[in-house]
Amino acid sequence: DTGVSQDPRHKITKRGQNVTFRCDPISEHNRLYWYRQTLGQGPEFLTYFQNEAQLEKSRLLSDRFSAERPKGSFSTLEIQRTEQGDSAMYLCASSLSVAGGKLETQYFGPGTRLLVL
Amino acid sequence: GEDVEQSLFLSVREGDSSVINCTYTDSSSTYLYWYKQEPGAGLQLLTYIFSNMDMKQDQRLTVLLNKKDKHLSLRIADTQTGDSAIYFCAENPGGSSASKIIFGSGTRLSIRP
């Protein structure tokens, strides 16, 4: 399977603990995105990388959240001191950025469902 | 601001057409999208329309865009049970160089026999 993969698929943690999620994008894709989706809502943009550079962060990304893409391939999203409000599905997507204003399709992974007790 | 609005639920009879409507706010969006999300499955790009078009047809799917009113619709002809899913309208604010996608809250489509 050459799609976007995420690990773990599910995570249950206690409030105050740290959690880390991993995303492996489609191999030739240079852009990688993180979104968060809560129940009954659409995905909300968190941040994105072009290669290893983090180019945009949403106001939703508090200082407890940090994302990295050290070698421009896989990415990790860490949440420190988790709160119950962090419970959500965390989605990763990747795309190949092309010049000329052409459609850049984002391909989504299956997500990591986080439950903070 | 960036906002995408769509109704939450739609129920149609199998074989009928489904029409899901959406309004968006950013007139600079170059592409507008429809994504499909099925239980336990990832978000899948269903179709899209370029902002200088007003209609796009792709097999059973028809997308209509009214740029003046910032209104987008998705019509699914001959709706089947396999079409049951949540459908998200989305835009990329800021034009073709934009990165993020702004999604609506999704319309849950259910099919009656």
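Scroll up to find the structure this text is about.
Residues numbered from 1 in each chain as written. Chains lettered and ligands numbered in written order. Predicted model: local features only at pLDDT ≥ 70, side-chain atom pairs only at ≥ 80, totals over all residues. Heavy atoms only, no water.

Draft legend 1. The arrangement of a nonpolar patch on the surface in detail. All names here are of chain A. On the surface, Ile12, Leu115 and Leu117 cluster together into a nonpolar patch covering about 300 Å² of accessible area. Here Leu117 shows up in the segment after β11 (112-116). By relative accessible area, Leu117 is classed as exposed at 54%. (Patch = residues over 30% accessible without salt bridge, like charges linked within 9 Å, V, L, I, M, F, W, Y side chains within 5 Å. Areas by Shrake-Rupley, 256 points an atom, 1.4 Å probe, with all protein chains shown as cover. Salt bridge = Lys/Arg side-chain N within 4 Å of Asp/Glu carboxyl O. Helix = DSSP H or I, 4+ residues; strand = E, 2+ residues; numbered from the N terminus. Buried < 20%, exposed > 50% of the residue type's maximum accessible area, 1.4 Å probe, protein only.)

Draft legend 2. Representation of the sheet that holds strand β3 (residues 19-24) of chain A in the model. Residues and elements named next belong to chain A. Read from one edge to the other, the open sheet built from four strands follows the order β1-β3-β8-β7, with strand pairing classed as antiparallel. The open sheet terminates on both sides in strands that have one partner only, identified here as β1 (5-7) and β7 (65-68). Sheet twist, expressed as the mean angle between neighbouring strand axes with direction ignored, is 15 degrees. (Pairing = 2+ DSSP bridges. Axes fitted to C-alpha atoms, helices over the stretch in contact; angles between N-to-C directions.)

Draft legend 3. The environment of Gly72 of chain A, seen in detail. The topology assignment puts Gly72 of chain A in the loop between β7 and β8 (75-79). Setting aside residues no more than four positions away along its own chain, Gly72 of chain A makes contact with Asn51 and Glu52 of chain A. (Contact = heavy atoms within 4.5 Å.)

Draft legend 4. Structural context of unusual backbone geometry. The omega angle of the peptide bond from Asp7 of chain A to Pro8 of chain A is -5 degrees, so this bond is cis rather than trans. Structurally, the position occupied by Pro8 of chain A is in the loop between β1 and β2 (10-13). Despite not being glycine, Asn51 of chain A shows a phi value in the positive range, around 55 degrees. Phi is positive for Lys70 of chain B, which is not a glycine, with a value near 55 degrees.

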